[in-house]
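Each chain, written out:
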Amino acid sequence: MLVGSEQVLAEDWRATEVSGLVEQRAPSDAEDQWQPVAPGSTLLVSTKIRTGTTGRMTASRGVSVMEFSPNSQAELREIESTGLRTTIFQTLGRILFRVEKRSVRHFEVRTPYLVAAVKGTEFSVDVSAAGASVSVSEG
């Protein structure tokens, strides 16, 4: 399905909680056209998301959850047309992921320094100019 020129999948990521400065930029937007994210907003494929110094956002899709900490930035991507394989390109900050357990690897977080691919777990990824790290909380 298309909304404007953007693709919307059957089960999209939605912003469930937002506080402070949280912005998104669709792929069709100019580099400086960031829009505020409101609770309930749909986060479209290839949307870039950034949080400010006080920004926090929780996004969910089914039982999977992402919690963006302040000063974080990432891009949401679906690798397969079925929407069953998700890749998050995280370039800055800390994001906590709670990923639905499935029998195949279907979720990965890519940074400039590492790739974390999971079947179902709770983990966080931290990215800075100096490097990246992954911490597993569960799974």
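The coordinates are above.
Below: a short report on this structure. Computed from a predicted model, the values in this text were never measured in an experiment. (Residues numbered from 1 in each chain as written. Predicted model: local features only at pLDDT ≥ 70, side-chain atom pairs only at ≥ 80, totals over all residues. Heavy atoms only, no water.)

## A closer look at the pairing of strand β14 (residues 122-128)
Then, number 1: With respect to burial, β14 is a largely interior element, 5 of its 7 residues being buried.
Then, number 2: Two elements, strand β11 (residues 86-98) and β14, share 6 bridges in a ladder whose sense is antiparallel. Bridged to Ile95 within β14 is Val125.
Then, number 3: Inspection of the sheet shows β14 paired to strand β15 (residues 131-138) by 7 bridges, in the antiparallel sense. Each residue of the ladder has a partner; that of Val127, found in β15, is Ala132. (Buried < 20%, exposed > 50% of the residue type's maximum accessible area, 1.4 Å probe, protein only. Helix = DSSP H or I, 4+ residues; strand = E, 2+ residues; numbered from the N terminus. Pairing = 2+ DSSP bridges.)

## Some remarks on the packing of aromatic side chains
Then, number 1: Considering all chains together, one arrives at 3 aromatic pairs under this definition.
Then, number 2: Aromatic pair Phe97 and Phe123: ring centres 5.1 Å apart, planes at 25°, arrangement stacked. In this pair, Phe97 is assigned in strand β11 and Phe123 in strand β14, connecting sequence segments 26 residues apart.
Then, number 3: With a relative accessible area of 1%, Phe123 lands in the buried category.
Then, number 4: An aromatic cluster is built from Trp13, Phe97, Phe107 and Phe123, whose rings are joined through pairwise contacts.
Then, number 5: Stacked on the ring of Trp34, the Lys or Arg Arg50 has its end atom at 4.0 Å from the ring centre. (Phe/Tyr/Trp six-rings, centres within 6.5 Å; stacked < 30°, edge-to-face > 60°. Lys NZ or Arg CZ within 6 Å of the ring centre and 35° of its normal.)

## A closer look at unusual backbone geometry
Then, number 1: In this model, Ser46 sits at a positive phi of 70°, which is unusual for a non-glycine residue.
Then, number 2: Locating Ser46 in the fold gives a position in the loop between β6 (42-43) and β7 (48-51).
Then, number 3: One non-glycine residue, Asn71, adopts positive backbone phi at about 55°.
Then, number 4: As for its placement among the helices and strands, Asn71 is situated in the loop between β9 (64-68) and β10 (73-78).
Then, number 5: Owing to a relative accessible area of 39%, Asn71 belongs among the partly exposed residues under this scheme.

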